[in-house]
Amino acid sequence: MAPVNRRQFNQRMGKGLLGTLALGSLPLNRLMASCSYPQKKLGIALVGLGSYSTYQLAPALQQTQYCRLTGIVTGTPEKAEVWKKKYKLSAEHVYNYENFDHIAANPAIDIVYIVLPNSMHAEYSIRAARAGKHVICEKPMGLNVAECDAIIAACREAGVALGMGYRLHSEPYTQQIKRFVRDKTFGEVRFISADAAYISRGNPNQWRLNKALSGGGALMNMGVYSIQSCIYGSGKNPAAVTAQEFSTRPDYFGETDETITAQFEFPGGTVGQMMTSHNARANRLYGSCDSGWFELQPANNYGPLSGRTSQGPISFPHESQQKLQMDDFARHILEGTPNSAPGEMGRRDMVIVEAIYQSIREGGKRIAIDLPENYGMGG
Ligand code: NAD
């Protein structure tokens, strides 16, 4: 059972049941630990039934403790039929892009999870918020900072929670790195290096290679993981960046960036470097500290991840990252636990993405990044 405080416990148990319990005969914490209260699972609707929804999120929602699949939004009627059968969804839980806003009237849907091409994140996140639903938005949050601002404002106005699909913040190896940094287990982090890349082949018309739909190439895709790793691996937001772009297959990557490298300066003298590519394989986070080092490799796939430090290997049992992430967000809503990847984190990363593109446009110029010290760090 998840830990709850006395007030939450009382709220859940309700007066009637509490009245019948001999509270004085059992210490409250033992009573709470021995009692399983009826847990309301929050309903999640997936918007966009592409590969991430199909192969990761929907299967994970069969394992989640605090949320479950209660809706789908798709433009393809044949897909809807397959999903209805597979996940036992009746017709009133199936929406398309035209009647999406009717989701407001469906009390079985608490959270809307936007899993669409990047150019559609802002529109559907905002519509979901206006429908009164909590929002999970996939990465990257939008095409630019202005879109992130609009999503955050819409969620604030509607009084709904906003989380990013940053699954690694719920993942145990990543959480261990964050603890190493916070506790200074190896002293101050002096240098951080993060790479996230894969080789893209196949359909040249895919949305990820279409700038209007993706907003950019490798940087808008895997590059977000490199940025994230540099930040949680150093514990700081960068103060400046210098970036370079490399193109070896301009015929294929006509509109979008193929490979990008960038160097970060962090407050206090820590430096970092990142690489992202759609034309190389890389999946690593390395931190060099005053009295040791840590490394994850792989660092950003669906797991299991693998880690080692100057003091030896680290090891955690594997669970679906998506299950952990969606349960974390549901618990944030149900129990007020910290939001591990809030909208501000998505916005912060877009500020950095924009600075990297600006540096490249200006021939590798050093670009100052103006972010408050702990902005977007999450809980
Ligand atoms: P995908 O191409 O497999 O699926 C996209 C879905 O959007 C499809 O169902 C498609 O039919 C639908 N769609 C609606 N309008 C469309 C249009 N105009 N053009 C193209 N498709 C349209 O993509 P995906 O891999 O599922 O990625 C979806 C989102 O999830 C992206 O933002 C991506 O960055 C994110 N993602 C995140 C992770 C993660 O680990 N957090 C992993 C994969 C993808």
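Refer to the structure printed above.
Residues numbered from 1 in each chain as written. Predicted model: local features only at pLDDT ≥ 70, side-chain atom pairs only at ≥ 80, totals over all residues. Heavy atoms only, no water.

1. Some words on the sheet that holds strand E10 (residues 271-277)
Consideration 1: Strand order in the open sheet made by the 9 strands is E14-E13-E12-E11-E7-E10-E9-E8-E15, with mixed pairing throughout. Strands at the two margins of the open sheet, each flanked by one partner only, are strand E14 (312-314) and strand E15 (367-368).
Consideration 2: Pairing analysis gives 5 bridges linking strand E11 (residues 279-289) to strand E12 (residues 292-296), with the strands arranged antiparallel. Residue pairing in the sheet places Gly287 in a bridge with Phe294 of E12.
Consideration 3: Where helix H7 (residues 172-183) meets the sheet, its contacts fall on strand E7 (189-199), E11, E12, strand E13 (307-309) and E14, and the angle it forms with E12 comes to roughly 160 degrees.
Consideration 4: Along the sheet face, helix H9 (residues 223-234) touches E7, strand E9 (259-265), E10, E11 and E12 and points at about 160 degrees away from the line of E7. (Pairing = 2+ DSSP bridges. Helix = DSSP H or I, 4+ residues; strand = E, 2+ residues; numbered from the N terminus. Contact = heavy atoms within 4.5 Å. Axes fitted to C-alpha atoms, helices over the stretch in contact; angles between N-to-C directions.)

2. Looking at the pattern of salt bridges
Consideration 1: The tally for this structure, following the rule as stated, stands at 16 salt bridges.
Consideration 2: Linking Arg127 and Asp101 is a salt bridge whose minimum nitrogen-to-oxygen distance equals 2.7 Å. Separated by 26 residues along the polypeptide, Arg127 in helix H5 (residues 121-130) and Asp101 in the loop between strand E3 (94-95) and strand E4 (111-114) bring together distant segments of the chain.
Consideration 3: Its relative accessible area of 18% is what places Arg127 among the buried residues.
Consideration 4: Across the salt bridge formed by Glu188 and Lys184, the nearest N and O atoms sit 3.0 Å from each other.
Consideration 5: In this structure Glu188 comes out as partly exposed when scored by relative accessible area, which is 27%. (Salt bridge = Lys/Arg side-chain N within 4 Å of Asp/Glu carboxyl O. Buried < 20%, exposed > 50% of the residue type's maximum accessible area, 1.4 Å probe, protein only.)

3. Remarks on the site of the ligand
Consideration 1: Around the ligand, the structure places 20 residues, and the nearest of them are Ser51, His121, Lys139, Arg167 and Trp207.
Consideration 2: One of the side-chain N or O atoms of His121 is found 2.9 Å from an oxygen atom in the ligand.
Consideration 3: In isolation the ligand has 840 Å² of accessible area, and contact with the protein removes 78% of it.
Consideration 4: Spatially, the ligand is embedded in the largest pocket.
Consideration 5: Here the shell around the ligand is built from residues that sort into 10 nonpolar, 5 polar and 5 charged. (Near = heavy atom within 4 Å. Polar contact = N/O pair within 3.5 Å; in protein donor to acceptor, adjacent residues only side chain to side chain. Areas by Shrake-Rupley, 256 points an atom, 1.4 Å probe, with all protein chains shown as cover. 1 Å grid on protein atoms, 1.4 Å probe; cavity = no way out; pocket = protein on both sides within 12 Å on 5 of 7 lines; lining within 4 Å. Sits in = over half its atoms within 2 Å of the grid points. Nonpolar A, V, L, I, M, F, W, Y, C, P; charged D, E, K, R; others polar.)

4. What about the pairing of strand E2 (residues 67-73)?
Consideration 1: With respect to burial, E2 is a largely interior element, 6 of its 7 residues being buried.
Consideration 2: Looking at chain direction, strand E1 (residues 42-47) and E2 are connected through 6 bridges and run parallel. In the sheet register, Leu46 faces E2, and the bridge partner there is Ile72.
Consideration 3: As paired strands, E2 and E3 are joined by 2 bridges and run parallel to one another. The residue bridging Val73 from the neighbouring strand is Tyr95, located in E3.
Consideration 4: In the classification by handedness, the crossover that spans E2, the intervening helix H4 (residues 77-87) and the parallel E3 is right-handed. (Right-handed = clockwise from strand over helix to strand, strands pointing away.)

5. Quick notes on the packing of aromatic side chains
Consideration 1: Counting across every chain of the model gives 10 aromatic pairs.
Consideration 2: Here the aromatic cluster, defined as three or more aromatic residues joined through ring pairs, consists of Tyr97, Phe100 and Tyr124. (Phe/Tyr/Trp six-rings, centres within 6.5 Å; stacked < 30°, edge-to-face > 60°.)

6. Digging into the nonpolar core
Consideration 1: Among the nonpolar cores identified, the biggest contains 77 residues, and Ile103, Ile227, Phe264, Phe294 and Ile356 are the most heavily contacted of them.
Consideration 2: Element by element, the count of residues in this core is highest for helix H11 (residues 343-361), at 9 residues.
Consideration 3: The two domains that each donate at least three residues to this core are domain 1 (6-166) and domain 2 (172-318 + 342-368).
Consideration 4: If sequence neighbours within four positions are ignored, Ile356 has contacts with Leu219, Ile227, Val241, Ala243, Ile260, Ala262, Phe264 and Met274.
Consideration 5: Leu42, Ala60, Tyr113 and Ala330 belong to the second-largest nonpolar core, a separate cluster that totals 26 residues. (Core = buried A, V, L, I, M, F, W, Y, C linked by side-chain atoms within 4.5 Å. Domains from an automatic or database assignment.)

7. Concerning the environment of Arg179
Consideration 1: Residue placement: Arg179 occurs in helix H7.
Consideration 2: For the pair formed by Arg179 and Gly233, sequence separation is 54 residues and the distance between their alpha carbons is 9.7 Å.
Consideration 3: When neighbours within four sequence positions are excluded, Arg179 is seen to be in contact with Pro172, Lys184, Thr185 and Phe316.
Consideration 4: Separated by 2.9 Å, the side chains of Arg179 and Gln176 make a polar contact.

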